[in-house]
Amino acid sequence: MSRIILSDRGSFLGKSGEQFRITRKDGPEVLVPARKVQQILVLGSGISVSSDAVEMADQLGVEIVFASYFGRPRARLIPASLGGTVKTRREQYRAYDDSRGSSLARSFISGKLKNQSSLLKSFAKKWKGGERSDLWQQFRDRSAEIEAIIPQLDQINGRVENVRDKIMGLEGTGAEIYWRTWAALIPEEWGFPGRDYPAAKDHINSLLNFGYYVLEQEVWAATLYAGLDPYAGFLHADRPGQEKLVYDMMEEFRPLVVDRVVVGLAREMKKGHFQEDMRMTRDGMKIASSAFYGRLDERITYREKSQILRNIIRSQAAAVATFLRGERQAYEPFTPRW
C-alpha cells in the first residue's frame, strides 16, 4: 500500500496534474503519482493540505487522516456518500439493550485474551530445549493462565450495561498476567516499568501508544466502510466524542498488530530516537511508522487463506455488521494460529 506521511512543520501537500506535490522547508519537492496512493496521514500541526489535493484524494478514494504528532487520530476526510445501510446502524443501537451487545463484548475480550496467550507462546518457542528453558516454561505457564480466563466469559449473560464490569474485570486479570510476562521480551536497558497509559512517560509505552493510534486509524476506517457507527460501542461505556466501537474492535488486534511489532522495535531503535517528552525524532518516526504500517500491510495465513492484515480488520468490521443485522449467528473474533 502506498502511503504519504507528513510530519514536519511547514510541509505542504498540493496537486500537480495527476500527482500529489509535497514540499518541505528543508527538502526537495517530491511528486507522487496520485493513483498509487491509498492513504495520506498528516501528523502534528503546521502542515497544510490544498483544497485541490483534497478534491483529487476524494475522486480517487484516498483516505486523509489528521492525527497528533503522537499518532492519535483527530479527523478523517471521507466521501459524503459513505455510510453503508441504515439497517446496520438501527440494529447496532438496538443491540445495546439485548443479548447481541453482551455477546459482542465477550467476543472482543475472548479474542484479545486468546491472542495475548498466542503471542507469548510464539516468542517462547525460541527458548524451548535451550539454555533458557526456564523462560519457555514460564511463558507457557502464563499463557495457560490467560487462556483459563476465557471460559469464564461464557458464564456472563445479560444486558451489556449490567455485565460490562464483569467482562472488563476478566480482561484486567488477563492484562496483569500478560504485561508482567511480556516485559521480559524487552531489553533491560529500556527500563520498561510496565504498561502505563494513556500518558507515556517512557520509550516503550510511547511506542505502544503510537502503534495503538495507528491501529485506531485502521479500525475507525473499517467501521465506517462497514456502515457502523464508530461512537456507539458495547464493551467501552459511551463518552462524548470518543469512538467507543473502535476501541471495542481494537482489542482483539492489539497483541498481534502492535505488541508484536514493539518487541522488534525495542531491538532496532535507540534512546536517541526519542526526545525528552518521549515524542519520536524524525528518524524515530520513520522507523516506527514503517514497522507498524508494514505490519498492517503484511500477509498472514488466516482461515486457510493468505490475507493482508489491513483487509482482515475490514472483514471483521463487516462481520460485526452482518451479525447485528441477523445475517450470521455469532461473531467470531480474529484469532489466527500462532
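Attention in this report is confined to the structure presented alongside it. (Residues numbered from 1 in each chain as written. Predicted model: local features only at pLDDT ≥ 70, side-chain atom pairs only at ≥ 80, totals over all residues. Heavy atoms only, no water.)

Per the secondary structure count, the protein chain includes eleven helices and ten strands. Taking 20 Å as the expected radius of gyration for a compact globule of 338 residues, we find that the protein chain reaches 21 Å, a close match to that expectation. Along the three orthogonal principal directions, the C-alpha set of the protein chain runs to about 60 × 55 × 40 Å. Relative to its full complement of 338 residues, the protein chain shows a buried share of 53%. A separation of at least 24 residues holds for 66% of the contacts in the protein chain among residues at least 6 apart in sequence. As displayed, the protein chain offers around 15800 Å² of accessible surface, 47% of which is attributable to carbon and sulfur atoms. Each charge class in the protein chain was averaged separately, 51 positive and 43 negative side chains, and the resulting centres sit 2 Å apart. (Helix = DSSP H or I, 4+ residues; strand = E, 2+ residues; numbered from the N terminus. Rg over C-alpha atoms; globule rule 2.2 N^0.38 Å. Buried < 20%, exposed > 50% of the residue type's maximum accessible area, 1.4 Å probe, protein only. Contact = heavy atoms within 4.5 Å. Areas by Shrake-Rupley, 256 points an atom, 1.4 Å probe, with all protein chains shown as cover. Lys, Arg positive; Asp, Glu negative; His and termini not counted. Charge placed at Lys NZ, Arg CZ, Asp CG, Glu CD.)

Under the 1.5 Å per step criterion, the end-to-end length of helix 11 (residues 309-324) is 23 Å for 16 residues, consistent within 8% with the ideal 22 Å. Taken across its 16 residues, helix 11 has twelve buried, putting it largely inside the fold. Residues of helix 11 that are buried include every one of Leu 309, Arg 310, Ile 312, Ile 313, Gln 316, Ala 317, Ala 319, Val 320, Ala 321, Thr 322, Phe 323 and Leu 324, and no others. Gly 326 sits one or two positions beyond helix 11 and adopts a positive phi of about 80 degrees. (Expected span 1.5 Å × (residues − 1).)

Tallied over the full model, the rule gives 26 salt bridges. The salt bridge partner of Glu 147 is Lys 121, with a shortest N-O separation of 2.9 Å. Of this pair, Glu 147 sits in helix 4 (residues 133-147) while Lys 121 sits in helix 3 (residues 99-124), placing them 26 residues apart in sequence. Glu 251 is the partner of Arg 254 in a salt bridge, and the nearest nitrogen-oxygen pair spans 3.3 Å. Taking relative accessible area as the criterion, Arg 254 reaches 17% and is therefore assigned buried. Taking relative accessible area as the criterion, Glu 251 reaches 4% and is therefore assigned buried. Connected through salt bridges with shared partners, the residues Arg 3, Glu 218, Asp 297 and Arg 310 form a single ionic network. (Salt bridge = Lys/Arg side-chain N within 4 Å of Asp/Glu carboxyl O.)

With that settled, the discussion passes to the sheet that holds strand 2 (residues 12-16). Read from one edge of the open sheet, four strands run 4-3-2-6, paired in mixed fashion. Every interior strand has two partners, whereas the edge strands, strand 4 (27-33) and strand 6 (48-49), have only one. With five bridges connecting them, strand 3 (residues 19-24) and strand 4 associate as antiparallel partners. Within strand 4, the residue paired with Arg 24 across the bridge is Gly 27. Against the sheet, helix 1 (residues 51-60) engages strand 2, strand 3 and strand 6, with an angle of about 65 degrees to strand 2. (Pairing = 2+ DSSP bridges. Axes fitted to C-alpha atoms, helices over the stretch in contact; angles between N-to-C directions.)

Quick look at the environment of Tyr 93 now. On the secondary structure map, Tyr 93 appears in helix 2 (residues 86-95). Once the C-alpha coordinates of Tyr 93 and Ala 105 are considered, the two residues, twelve residues apart in sequence, prove to be 14 Å apart.

Read from one edge to the other, the open sheet built from four strands follows the order 1-5-7-8, with strand pairing classed as mixed. Strand pairing shows two members of the sheet lacking a second neighbour, strand 1 (2-6) and strand 8 (73-77), which therefore form its edges. Neighbouring strand axes in the sheet, compared pairwise and without regard to direction, differ in orientation by 15 degrees on average. Contacting strand 5 (37-43), strand 7 (63-67) and strand 8, helix 7 (residues 203-225) runs over the sheet at an angle of about 35 degrees to strand 8.

What is shown is where atoms sit, not what they do.
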